[in-house]
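# Inside the fold
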Amino acid sequence: AQRPLGEAQVQVEGTNLGATTDASGRFRIAGVPGTQVRLVVRRIGFRPETIVARVGDLNMRVGLIERATELSQIV
């Protein structure tokens with residue numbers, strides 16, 4: 001089921017510009033140059049996703065796919 005993800009890291013590829021999503025999955029990145037950018041979205045427990053987005057787009061959806069996390073056994 002699709003649900004909003006908080007605490008996901010969203011970064012404009014090739015820059016230091018980025019944001020963290022809120023509990024509703026929303027984010028805002030100010031000062032983005034150009035008209036189109038590549039966004040890299042990451043969150044622990046999910047596969048990273050890269051999408052192309054229009055600068056100024058107020059309604060985009062990014063689907064993240066869960067991935068199995070392996071923990072090393074401590075002896």
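Throughout this document, residue positions are counted from 1 along each chain, in the order its sequence is written. At least 70 in pLDDT is required for a residue's local features to be given in this predicted model, at least 80 for side-chain atom pairs to be given and counted, and no such filter applies to totals for whole chains, interfaces and linings, which use all residues. Side-chain calculation: all heavy atoms of the structure are included, whereas hydrogens and water are not.

### Points about the pattern of salt bridges
Where we set the bar: The term salt bridge refers to a pairing of a side-chain nitrogen on Lys or Arg with a carboxyl oxygen on Asp or Glu at a separation within 4 Å. Comment: elements are numbered from the N terminus, with helices defined as DSSP H or I runs of at least four residues and strands as E runs of at least two. In this scheme, a residue with accessible area under 20% of its type's maximum is buried, one over 50% is exposed, and one in between is partly exposed, where area comes from a 1.4 Å probe on protein chains only.
Inspection of every chain in the model, using the stated rule, returns one salt bridge. Among the ionic pairs, Glu-13 bridges to Arg-38, the shortest N-O distance being 2.8 Å. Separated by 25 residues along the polypeptide, Glu-13 in the loop between strand E1 (9-12) and strand E2 (18-20) and Arg-38 in strand E3 (residues 36-42) bring together distant segments of the chain. Judged by relative accessible area, which is 41%, Glu-13 ranks as partly exposed.

### With respect to the sheet that holds E3
Note: strands within a sheet are paired through backbone hydrogen bonds, in either parallel or antiparallel orientation. Inclusion rule: Strand pairing requires that DSSP identify at least two bridges connecting the strands. In this description, a line fitted to the C-alpha atoms serves as the axis of each element, helices being fitted only across the stretch in contact, and the angle between N-to-C directions of two axes falls anywhere from 0 to 180 degrees.
Strand order across the open sheet formed by four strands is E2-E1-E3-E4, with antiparallel pairing between neighbours. Sheet topology places E2 and strand E4 (49-54) at the edges, where each strand pairs with a single neighbour. Strand-to-strand twist in this sheet, taken as the mean axis angle between neighbours without regard to direction, amounts to 25°. By the bridge criterion, three bridges tie E1 to E2 in an arrangement that is antiparallel. In the sheet register, Gln-9 faces E2, and the bridge partner there is Thr-20.

### Section: the nonpolar core
Cut-off, in case you're wondering: Think of a nonpolar core as a cluster: buried Ala, Val, Leu, Ile, Met, Phe, Trp, Tyr and Cys residues, connected wherever their side-chain atoms sit within 4.5 Å. Two residues form a contact once any of their heavy atoms are found within 4.5 Å.
Core analysis: the largest hydrophobic core is formed by 14 residues, its most contacted members being Val-12, Ile-29 and Leu-39. Those elements giving two or more residues to this core turn out to be E1, E3 and E4. It is E3 that provides the largest number of residues to this core, a total of three residues. Leave out the neighbours within four places in its chain, and Ile-29 touches Val-10, Val-12, Leu-17, Gly-18, Ala-19 and Leu-39.

### Quick notes on the pairing of E1
Here E1 shows one buried face, formed by Val-10 and Val-12, and one open face, formed by Gln-9 and Gln-11. Taking the residues between adjacent antiparallel strands as the criterion, E1 and E2 are bridged by five residues, where Gly-14 takes a positive phi near 80°. Sheet topology places E1 next to E3; four bridges connect them, and they run antiparallel. Bridge pairing in E3 places Gln-11 opposite Val-40.

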